[in-house]
Amino acid sequence: MNAVVYGAVLVLAGVAAIAVIVHLIRDEIPSDRTFVLLGLVEVALIVQTVIGFVALATTDRDVSGVLFVSYLIGVLVAPPIGAFWSLAERSRGGVAVLLLAMLTVVALEVRLWDIWNAAGA
Amino acid sequence: MPEPTSPRHELASGWGRALVFTYGVFAVAATGRSAVQLGMEPERAPLAYALSLLAAVLYLVATGCLLLGGRLGWRIAVVAVSIELVGVLTVGTLSYVATDLFPDKTVWSHFGQGYGFLPLVLPFLGIAWLWHTRPATGKADLA
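> Explain the overall build of chain A to me, and be specific about the residues and the numbers.
When its secondary structure is counted, chain A shows 4 helices and 0 strands. When the helices and strands of chain A are listed from N to C terminus, the series reads α-α-α-α. In terms of its C-alpha atoms, chain A occupies a principal-axis envelope of roughly 50 × 20 × 20 Å. Scored against the burial criterion, the 121 residues of chain A give a buried share of 44%. At a minimum sequence separation of 6, the contacts of chain A that also span at least 24 residues come to 75%. Accessible area for chain A stands at about 6000 Å²; split by element, carbon and sulfur atoms hold 71% of it.

Set out below in structure tokens:
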């Protein structure tokens, strides 16, 4: 697992979450800039997926492949599903879904890191 | 028999939208967890794994009912969320006082500590939302 990509995903998801919180407080629909941020999170996740698959295929570690891949895919699909579900209704509750999607990304990302490193010993 | 009116709000709109998403995430998480646990070593902790499966089914049912909406969906959601609340409180307590019962964790162990205690909060949010969206009975309808 690449620490730079891991850090990038966490930072981008954090920044996107803060942007969404600002929208929630102002009770406004998310700006294009916020969606660019969400897009960047997704780009980082796509990069992570590719790197993750390569790392899994080449590692000597005893990583649980099924578990690792399911988390890789899970974290990858969370933002698009959240965005889709959020855009279908432009309300505060709908915007909150974007925040939940980012929190989900962070939670899954931390688990992903644990799964990779727990098998390191 | 008079046809009861439908719930005042669609269950998956407004804040319900955020709730459905959260339930959906937990449905996937709990289903995945119980699939891994039952698929890899079902003999290790049958009770814990059965409870993981129960949690997964409840989250799936709650998610589905909130999505479908309607009076029937609302009623089934009330049942599912109530069992969920009892489950998380019971398993949460037992996982502290009767540790030998749970050689491996469930979603509800230690009141959902492994999931940021969200499994403990979620049923309360669910009940609050279902109360907010309760079908009008005619006499108590102030909306």
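> Explain unusual backbone geometry residue by residue, including any values.
The residue A:Asp27 is not glycine, and still its phi comes out positive at about 55°. Relative to the elements of secondary structure, A:Asp27 occurs in the loop between α1 (3-26) and α2 (32-58). In this model, B:His110 sits at a positive phi of 50°, which is unusual for a non-glycine residue. Within the secondary structure, B:His110 is located in the loop between α3 (70-97) and α4 (118-132). Residue classification places B:His110 among the buried positions, given a relative accessible area of 18%.

> How would you sum up the packing of aromatic side chains? Please name residues and give values.
Enumeration according to the criterion identifies 6 aromatic pairs over all chains in this entry. Arranged with centres 5.1 Å apart and planes meeting at 40°, the rings of A:Phe68 and A:Trp116 form a pair that is tilted. Of the two residues, A:Phe68 is situated in helix α3 (residues 65-87) and A:Trp116 in helix α4 (residues 92-118); the sequence distance between them amounts to 48 residues. For the pair A:Phe68 and A:Trp116, one class covers both residues: buried. Pairing B:Phe26 with B:Tyr115 gives two aromatic rings, centres 5.9 Å apart and planes at 50°, and the pair type is tilted.

> For the layout of surface pockets, give the residues involved together with the corresponding values.
Roughly 1400 Å³ of internal volume is contained in the largest pocket. Along its surface, the largest pocket is lined by 44 residues, and A:Tyr71, A:Leu108, B:Val25, B:Ala29 and B:Tyr115 are the ones closest to its centre. Listing elements by their share of the lining of the largest pocket, those giving two or more residues are α3 and α4 of chain A together with α1 (15-40) and α2 (46-68) of chain B. With 14 residues, the top contributor of residues to the lining of the largest pocket is α1(B). Of the pockets and cavities examined, the second largest pocket occupies roughly 220 Å³. Every residue along the wall of the second largest pocket is listed here: A:Ala96, A:Leu99, A:Leu100, B:Trp15, B:Ala18, B:Leu19, B:Thr22, B:Leu118, B:Leu122, B:Leu125, B:Ala128 and B:Trp129. Contributions of two or more residues to the lining of the second largest pocket are made by α4 of chain A together with α1 and α4 of chain B.

Conventions used here
Residues numbered from 1 in each chain as written. Chains lettered and ligands numbered in written order. Predicted model: local features only at pLDDT ≥ 70, side-chain atom pairs only at ≥ 80, totals over all residues. Heavy atoms only, no water. Helix = DSSP H or I, 4+ residues; strand = E, 2+ residues; numbered from the N terminus. Buried < 20%, exposed > 50% of the residue type's maximum accessible area, 1.4 Å probe, protein only. Contact = heavy atoms within 4.5 Å. Areas by Shrake-Rupley, 256 points an atom, 1.4 Å probe, with all protein chains shown as cover. Phe/Tyr/Trp six-rings, centres within 6.5 Å; stacked < 30°, edge-to-face > 60°. 1 Å grid on protein atoms, 1.4 Å probe; cavity = no way out; pocket = protein on both sides within 12 Å on 5 of 7 lines; lining within 4 Å. Points joined across faces, edges and corners; volume = space filled by probe spheres on them.

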